[in-house]
Every structure is written in C-alpha cells, then in structure tokens.
Amino acid sequence: MPQHKISADSPIGIFDSGVGGLTVVKAVQACLPSERIIYFGDTARVPYGPKSQVTIRKYAREDTELLMKHQPKMIIVACNTVSALALDVVQQTSGDIPVIGVLKAGAELAARQSRSGRIGVIGTQATIHSNAYACAINELDPNLEVFSKACPLFVPLAEEGFIDHPATRLVAGEYLSELLTSKIDTLVLGCTHYPILRGMIESISGAGVNIIDSAEAVASKAKYLLASEGMLNPGTGQAMPHLMVSDLPQKFRELYRLFMGTEMPDVELVGM
C-alpha cells in the first residue's frame, strides 16, 4: 500500500454494509463537528450479517480500498459484522493509518460502565455467532458475564421506519426477555441499525439497564485518538458528509432522513 499524505485536514473514512453506519456518521458529526467525513454504504451487497466469513472479508478489503482513494487520516468500521470478522483485513489494506471498529469501542464502554458485571449484547446473527463481543469484553475483564442474543428482525423493522410500531414492540419484547431474565445491567446495541429503535429498547429494558450505543462509543474513541496524534481538524465550519453508495435506490434517501433527521446531500454512485 503506497504511503499517502495525510494532514489534520484529511477526511475520516467510514464504511458500512448499508445505511446503518449513518448512526456512526451522526455520532461522529456530533462529537467532531469540523471533521470532513467520507462515507461508503455498500447498498448493493447489504446485508453482510448472513454471509460467509470469506465473503465478508473480501467485501471488507474492497470497501477499504475504495475509501483509501480519498486519502483518509483514519478509518472507522461502522459495520459490526466486519468489526467482528474482518478488522485485520481493514488494517492490512489501510497501511498505517488508525482503524477503529465499532465492536471494540462498544465492548470497552460496556466493560467500563457495568456495575453488576452482567452485560447483554444484541446484534445480527453473524456478529452474535462470532462471539466477538463476548471475547472482546472478557479480554478486558474475564470476570464479566456476557449474555448474547441475535435479533435478525430489528434491521428490517428499523428500515421500515417501524420505530414505535406494535409489531416492533412485540418482537423486541420477545428478543429482550431472555436477557432481562439474566439480570443484565448493561445492554450493548451491537448493530448500527439498533440506535433507531433505542427508545423502544429502553422502554422494554427499563431504567435499571444502561444502553451502550457503539456509534457514540466509536465517535469518542475517534476524538481521543485524533487529539492524541494532533490530527483534529482545526476548521470551525460543519462540513456535509461526502456519501458514496454501491446502489442507489430511493430507499437510501428515505433512510437517510430517518437516520439523520435531515434531507440527504448529493450521493455518488460507485461500482464495486
């Protein structure tokens, strides 16, 4: 990988399998308003969750290569599935710029904040079956107990905009009941779509359960890393994110509005 010139003005590259990573874009914008963001959503090949590890690793390499053309100073892997199964591929492909995955950032925050040592994790089937959250949390503290639950219906419900829908409440109640019976005090939203359903998840979990949003965790980790390297953008204006997608259905525009609360800026369609 040829060295590329980076400066404090260089953008932060963020990628995800689709639109879910927009929750990470939103969190990074809130935490680091003057940073330039390049976002790639692989909307042609979403979802990554049910695919094989070989395929996920191939996609991770291609997604990273696409972002590297824009000479970023950091790459954030907004996809939990890639964070779980292919973070090393992203690191190899990106040379020596820092790479942060949502998974490790969420795990660190959960380990720090849990009081009872009983942590719940919800995510896609690939993320949960990889056991990556439990491993990352137990690496930080082997005494912490992790209870994991795959919630495959949450992504389609979030994308339908069924945020306050009785169907979503029913499904969420079903998924969360097992974790709540395990007396967790901390719940990691291990998929970037899940913050959309946060209100619903909180109302079912109750006040005693602390919700960890990996998007917020990864944004504060990015800020800390950039500050420690003297690489924070000195500008004061808020830049619009540069969005790239591999397929451009009208759906992406609707979901952008849902995730970001604003109209969508121009989007570049890229071939993979």
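Above this text is the structure in question.
Residues numbered from 1 in each chain as written. Predicted model: local features only at pLDDT ≥ 70, side-chain atom pairs only at ≥ 80, totals over all residues. Heavy atoms only, no water.

K.L.:
With reference to specific residues and values, describe the nonpolar core.
P.N.:
Among the nonpolar cores identified, the biggest contains 73 residues, and Ile14, Leu22, Ile122, Phe154 and Ile201 are the most heavily contacted of them. Looking at this core, the element that brings in the most residues is helix H5 (residues 102–113), giving 7 residues. Tyr59, Leu85, Val90 and Val99 belong to the second largest nonpolar core, which has 24 residues in total. (Core = buried A, V, L, I, M, F, W, Y, C linked by side-chain atoms within 4.5 Å. Buried < 20%, exposed > 50% of the residue type's maximum accessible area, 1.4 Å probe, protein only. Helix = DSSP H or I, 4+ residues; strand = E, 2+ residues; numbered from the N terminus.)

K.L.:
Go over the packing of helix H9 (residues 166–181) against helix H10 (residues 198–205), please, and point to the residues and values.
P.N.:
At their nearest, the axes of H9 and H10 sit 10 Å apart, and the two run at 50° to each other. In terms of orientation, H9 and H10 fall into the oblique class. Crossing geometry of H9 relative to H10 is assigned as right-handed. Contacts between H9 and H10 involve Thr168, Arg169, Ala172, Gly173, Leu176 and Leu180 on the former and, on the latter, Met200, Ile201, Ser203, Ile204 and Ser205. Across the contact of H9 with H10, the residue classes break down as 6 nonpolar, 4 polar and 1 charged. (Axes fitted to C-alpha atoms, helices over the stretch in contact; angles between N-to-C directions. Parallel < 35°, antiparallel > 145°, perpendicular 65-115°, else oblique. Left-handed = near helix turned anticlockwise from the far one by under 90°. Contact = heavy atoms within 4.5 Å. Nonpolar A, V, L, I, M, F, W, Y, C, P; charged D, E, K, R; others polar.)

K.L.:
Summarise the pattern of salt bridges; cite the residues concerned and give the values.
P.N.:
If you walk through the whole model with that rule in mind, you get 14 salt bridges. For Arg45, the salt bridge identified is with Asp42, shortest N-O distance 2.7 Å. The exposure class of Asp42 is buried, given its relative accessible area of 0%. A salt bridge links Arg57 to Asp88, with the nearest nitrogen and oxygen atoms 2.8 Å apart. With Arg57 in helix H2 (residues 53–68) and Asp88 in helix H4 (residues 87–93), this residue pair connects regions lying 31 residues apart in the sequence. Connected through salt bridges with shared partners, the residues Asp42, Arg45, Lys58, Glu62 and Asp63 form a single ionic network. (Salt bridge = Lys/Arg side-chain N within 4 Å of Asp/Glu carboxyl O.)

K.L.:
Residue-level account of the pairing of strand E5 (residues 118–123), with values.
P.N.:
The buried fraction of E5 is high, at 5 of 6 residues. Alignment of E5 against strand E6 (residues 145–150), held across 6 bridges, turns out to be parallel. Bridging from a neighbouring strand, Ile122 pairs with Lys149 of E6. Where E5 meets strand E7 (residues 186–190), 5 bridges bridge the pair, whose relative direction is parallel. Looking across to E7, one finds that Gly123 is bridged to Gly190. (Pairing = 2+ DSSP bridges.)

K.L.:
Tell me about the sheet that holds strand E2 (residues 37–41), residues and numbers included.
P.N.:
Across the sheet, 6 strands lie side by side as E4-E3-E1-E2-E9-E10; this open sheet has parallel pairing. The open sheet has two free edges, formed respectively by strand E4 (99–101) and strand E10 (267–269), since each of these has just one partner strand. With direction set aside, neighbouring strand axes in the sheet form an average angle of 20°. As paired strands, strand E1 (residues 12–16) and strand E3 (residues 74–77) are joined by 4 bridges and run parallel to one another. Residue Phe15 lies in a different strand from E3, and its bridge partner there is Val77. Here helix H1 (residues 22–31) sits on the sheet and contacts E1, E2, E3 and strand E9 (242–245); the angle it forms with E2, its principal contact strand, is near 170°.

K.L.:
Before we move on, can you summarise the packing of H5 against helix H7 (residues 132–140) with the specific residues and values?
P.N.:
Packed helix pairs are specified by the crossing angle of their axes together with the interaxial distance, meaning the distance between the axes. Direction vectors running N to C along H5 and H7 enclose 50°, while the axes themselves pass 9 Å from each other. Taken together, the axes of H5 and H7 lie oblique to each other. As for the relative orientation of H5 and H7, their crossing is right-handed in sense. Touching Val102, Leu103, Gly106, Ala107, Glu108 and Ala111 of H5 are Ala132, Tyr133, Ala136, Ile137 and Leu140, all from H7. When the residues that make up the contact of H5 with H7 are grouped by side-chain class, the tally is 9 nonpolar, 1 polar and 1 charged.

K.L.:
Residues and numbers for helix H11 (residues 214–228), please.
P.N.:
Helix length check: H11 (15 residues) gives 21 Å between terminal C-alpha atoms against 21 Å at 1.5 Å per residue, within 8%. Looking only at H11, the buried set comprises Ser214, Ala215, Ala217, Val218, Ala219, Ala222 and Leu226. Among the residues of H11, the N-terminal cap falls to Asp213, whose side-chain oxygen and the backbone nitrogen of Ala215 are separated by 2.8 Å. One or two positions beyond H11, positive phi appears at Gly230, with a value near 65°. (Expected span 1.5 Å × (residues − 1). Polar contact = N/O pair within 3.5 Å; in protein donor to acceptor, adjacent residues only side chain to side chain.)

K.L.:
Describe the sheet that holds E7, and please don't skip the residues or the numbers.
P.N.:
Strand order across the open sheet formed by 4 strands is E6-E5-E7-E8, with parallel pairing between neighbours. The sheet terminates laterally at E6 and strand E8 (210–213), the two strands that pair on one side only. The sheet shows a mean angle of 20° between the axes of neighbouring strands, taken without regard to direction. Strands in contact with H5 are E5, E7 and E8; relative to E8, the strand with the most contacts, it is inclined by about 160°.

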